[in-house]
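A closer look at the structure
So you can see what is in the structure, the chains are spelled out below.
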Protein chains: 2
Amino acid sequence: MPYESEIIEMIRGRSKAGPGFGIELGIGDDSAVLRTDPGTDLLFCSDLSVEGVHFRTEWAGPELIGRKALAVTVSDIAAMGGEPKFALASVALPHGVSMQFVEQLFLGMFDVAESLGLSIVGGDTSASPGGIFIDTSVIGICRRGRAITRSGATPGDVVYVTGDLGGSALGLSLLMQGFRLGVAGDEPADQASRARQAAIRRHLMPAPQVRAGRLIGLEGLATALIDISDGLATDLAHLAQESKCGAVIDASLLPVAQPARDLMSTSHTTDLVDLALTSGEEYELLFCSPPQHSVRIRDMAENLELPITRIGEVTDESGLFIVLDGKTLPMTASGFEHEI
Amino acid sequence: MPYESEIIEMIRGRSKAGPGFGIELGIGDDSAVLRTDPGTDLLFCSDLSVEGVHFRTEWAGPELIGRKALAVTVSDIAAMGGEPKFALASVALPHGVSMQFVEQLFLGMFDVAESLGLSIVGGDTSASPGGIFIDTSVIGICRRGRAITRSGATPGDVVYVTGDLGGSALGLSLLMQGFRLGVAGDEPADQASRARQAAIRRHLMPAPQVRAGRLIGLEGLATALIDISDGLATDLAHLAQESKCGAVIDASLLPVAQPARDLMSTSHTTDLVDLALTSGEEYELLFCSPPQHSVRIRDMAENLELPITRIGEVTDESGLFIVLDGKTLPMTASGFEHEI
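Conventions used here
- Residues numbered from 1 in each chain as written.
- Chains lettered and ligands numbered in written order.
- Predicted model: local features only at pLDDT ≥ 70, side-chain atom pairs only at ≥ 80, totals over all residues.
- Heavy atoms only, no water.
- Helix = DSSP H or I, 4+ residues; strand = E, 2+ residues; numbered from the N terminus.
- Rg over C-alpha atoms; globule rule 2.2 N^0.38 Å.
- Buried < 20%, exposed > 50% of the residue type's maximum accessible area, 1.4 Å probe, protein only.
- Contact = heavy atoms within 4.5 Å.
- Areas by Shrake-Rupley, 256 points an atom, 1.4 Å probe, with all protein chains shown as cover.
- Lys, Arg positive; Asp, Glu negative; His and termini not counted.
- Charge placed at Lys NZ, Arg CZ, Asp CG, Glu CD.
- Phe/Tyr/Trp six-rings, centres within 6.5 Å; stacked < 30°, edge-to-face > 60°.
- Salt bridge = Lys/Arg side-chain N within 4 Å of Asp/Glu carboxyl O.
- Pairing = 2+ DSSP bridges.
- Axes fitted to C-alpha atoms, helices over the stretch in contact; angles between N-to-C directions.
- Buried area = accessible area lost by both parts, 1.4 Å probe.
- Polar contact = N/O pair within 3.5 Å; in protein donor to acceptor, adjacent residues only side chain to side chain.
- Left-handed = near helix turned anticlockwise from the far one by under 90°.
- Arc of directions from axis to C-beta.

Looking at the overall build of chain A
The secondary structure content of chain A amounts to 10 helices and 14 strands. Taken against the 2.2 N^0.38 rule, which gives 20 Å for 340 residues, the C-alpha radius of gyration of chain A at 21 Å falls within 12% of a compact globule. Considering only C-alpha atoms, chain A reaches an extent of 65 × 50 × 35 Å along its principal axes. Per-residue burial over chain A gives 56% buried out of 340 residues. For chain A, long-range pairs separated by at least 24 residues make up 84% of all intrachain contacts whose partners lie at least 6 apart in sequence. Of the roughly 13,700 Å² of accessible surface on chain A, a fraction of 50% belongs to carbon and sulfur atoms. The averaged location of the 45 negative side-chain charges in chain A is 5 Å from the averaged location of its 25 positive side-chain charges.

Structural notes on the packing of aromatic side chains
Scanning the entire structure with this criterion turns up four aromatic pairs over all chains. Ring geometry for A:Phe133 versus B:Phe133: centroids 3.4 Å apart, planes at 5°, classification stacked. Of the two residues, A:Phe133 is situated in strand β6 (residues 133–143) and B:Phe133 in strand β6 (residues 133–143); the pairing between them involves two chains. In this pair, the class of A:Phe133 matches that of B:Phe133, namely buried.

So, the pattern of salt bridges
Applying the stated criterion across every chain, the model contains 22 salt bridges over all chains. Between A:Glu83 and A:Arg214 there is a salt bridge, with its nearest N and O atoms 3.2 Å apart. Within this pair, whereas A:Glu83 is found in strand β4 (residues 83–94), its partner A:Arg214 is found in helix α6 (residues 210–218), the two being separated by 131 residues in sequence. The class for A:Glu83 is partly exposed, based on a relative accessible area of 24%. By relative accessible area, which is 36% here, A:Arg214 ends up partly exposed. A salt bridge links A:Arg150 to B:Asp30; its shortest N-O distance comes to 2.9 Å. Of this pair, A:Arg150 sits in the loop between β6 and β7 (158–162) while B:Asp30 sits in the loop between β1 (23–25) and β2 (32–34), on two different chains. For the pair A:Arg150 and B:Asp30, one class covers both residues: buried. Each of A:Asp164, A:Arg202, A:Glu282 and A:Glu284 takes part in a single network of salt bridges with overlapping partners.

Some thoughts on the sheet that holds strand β8 (residues 224–227) of chain A
Residue and element names in this part refer to chain A. Pairing is mixed in the open sheet, where eight strands are placed in the order β8-β10-β7-β11-β9-β12-β13-β14. This sheet does not close on itself; its edge strands, each paired only once, are β8 and β14 (335–336). Relative to β14, strand β13 (residues 327–332) runs antiparallel, the two being bridged by two bridges. By the bridge assignment, Thr332 is partnered in β14 with Gly335. Along the sheet face, helix α10 (residues 294–304) touches β7, β10 (285–289) and β11 (308–315) and points at about 150° away from the line of β11.

Some remarks on unusual backbone geometry
Notably, A:Lys244 is not glycine yet its phi reads approximately 55°, a positive angle. Position of A:Lys244 relative to the elements: it lies in the loop between α7 (232–243) and β9 (246–250). Of note, B:Glu305 is a non-glycine position whose phi angle comes to about 50°, a positive value. Along the polypeptide, B:Glu305 turns up in the loop between α10 (294–304) and β11 (308–315).

With respect to the interface of chain A and chain B
Accessible area lost when the parts come together is the quantity often used to give the size of an interface. In this assembly, 59 residues from chain A lie in contact with 59 residues from chain B. It is A:Asp30, A:Leu42 and A:Phe44 in chain A that bury the most area against chain B; as a group they hold 19% of the surface buried on that side. At the boundary of chain A with chain B, the tally comes to six salt bridges. Put simply, chain A and chain B have 19 residue pairs in polar contact (both at pLDDT 80 or more) between them. At the level of secondary structure, the elements contributing two or more residues to the side of chain A that touches chain B comprise β1 (23–25), β2 (32–34), β3 (40–50), α2 (62–78), β4, β5 (119–128), β6 and β8 of chain A.

A short note on the side chain of B:Arg35
Among the structural elements, B:Arg35 can be located in the loop between β2 and β3 (40–50). Taking relative accessible area as the criterion, B:Arg35 reaches 19% and is therefore assigned buried. A polar contact is formed between the side chain of B:Arg35 and the side chain of A:Asp41, at a distance of 2.6 Å. Other than its neighbours up to four places away in sequence, B:Arg35 contacts A:Asp41, A:Arg144, A:Gly145, B:Gly22, B:Glu24 and B:Phe86.

Describing the packing of helix α6 (residues 210–218) of chain B against α10(B)
Residues and elements named next belong to chain B. Following both chains from N to C, one finds α6 and α10 inclined at 145°, their axes separated by 11 Å at the closest point. The chirality of how α6 crosses α10 is right-handed. Within the contact between the two elements, α6 uses Arg211, Ala212, Leu215 and Ile216 and α10 uses Met300, Asn303 and Leu304.

Examining the environment of A:Ser334
Residues and elements named next belong to chain A. Note on placement: Ser334 falls in the loop between β13 and β14. Residue classification places Ser334 among the exposed positions, given a relative accessible area of 59%. Taking C-alpha positions, Ser334 is 9.5 Å from Ser279, a pair spaced 55 residues apart along the chain. When neighbours within four sequence positions are excluded, Ser334 is seen to be in contact with Asp274 and Thr278.

Thoughts on α10(B)
Residues and elements named next belong to chain B. For α10, the complete set of buried residues consists of Ile297, Met300, Ala301 and Leu304. Projected onto a plane normal to the axis of α10, the buried residues spread over an arc of 100° and lie on a single side. Set apart from the buried face of α10 by more than 90 degrees, the exposed residues are Glu302 and Asn303. Of the residues flanking the end of α10, it is Glu305, one or two places downstream, whose phi is positive at about 50°.

This is how it looks when you write it as structure tokens:
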């Protein structure tokens, strides 16, 4: 493992976290010094990425591991309707890790930071007697009093989801079956291979919906908002529980990812529905919005060139249900209760 | 390992991070929501505590491990002249760790947070295929533009250190020799045992100088400030390097911890000096201040009932030196260059 001082020098050189953009002092002192505008609230969250739990080095190189480690935390800021601003990266590395590996790991984090508009301003490094451990902490901002929690959903609200669902779980399943990410730019010829590559990319390279989250927050378009990390069914249950309400989802409206449609037999629609309900690490946004905002949400989707799909409705009575082939079935964390 | 939901419930119950005190939203959503006053800058830093690298479970129970994991990060805020306000705790735990262990770990973090005036507002938990990994992130505040960096020391400034030095390295050495922390309240009879216990406590239960750091910041008493985590010689070298100056330290002024004086042979003064120069994880503050502030610093020390000792002077020419028995010797990261 390289010396901490070498790593800090490398990061310091790579970091654009100089004065300006709210950064009074970047990497290299005891702490970063930051400045935000009056009238803003701070959002503050962290996420762990642990080798063997959240990622495997035989599935993804260090750059992708670094990208995802930061992306998942940034997604939590999007899920509050905020704008990510500053990040710390704490990384524990086993002996034998090369400086090149460390550089690629941080390259991935810096790339995702730059593309999503935030700055890495510090962190910590350590040896690790186990595998690789990464903890990223992010400060985001939102307009004062305008953070969107999980608890504001109201009966009659429309339930929306950004993007599509199912690709991440499918990609994970393919990785566990032994499929691997192909070389970039080397597009496979047959449709099934292309679909597999798309699903694997989806799992390894999630794109948090930062622009959508920020717009939803700025325009006050949602009553409740969460990102899909555990799966639609589980995360909707979190929303419903915190908002003390229920919801009913229309299975036919679920935006199932194209690779899943391509690879899974169309004769088993219920498999696709289960996949969309349970696929975790999607990092799409799930939110509730009063019906009168529907035009503004459609306009936002067009401006962002991002599908935002109406999938159901918030209900007064508690419990989650899904309408499938005209039948209303209870929804659970593992999908829905299939009829015997 | 307990379920994450159980851990979150436990933390949520224990956390006093409800609305108020700048916390708009505490643990339980995608992110905490925080508010600071206009006119403040934010300080943002993190520190890793890794089993087998930073601590061993046979040396300290989970409560002490938790205390230190947060204390070391808080010390970085003190080292900027700031006030710690909010913390996140990300914890990766091996299988087989009991809920009681987790509770004690967080109890230690909550205790240190409450005693030092900050709130734990979130974090993350994960399984760990290796040992225990803890990463704590802290947001502190300071008056706008008044963070004290490592880079402002000026030739002629007096060099001060809070508290005393040497106890932490001595405690670590005793732990490695097989000595253990005794039962609280069970004071050993002989002086050597008492001294050993004091040194071990010093290593396992560091007390970051939060009140001193905050006062130094509020009153603008220091031109440069750092906490002693790597050892006086190394941390003074960081200050000197960032400030582009040198320093000369008077060995006879070094505040050597009493347990070290008690346990180490007085016929080897140079051993005590080496210990004070190299002992890491002390979490005392090392700072530089113009001579005209000496009365205010003496008054602050009296008010805080904290020794603050003048140990040397900042010099124009680069390089660190120590005056010992009338001789001026070069200081290195491993102490000073002994004469042959």
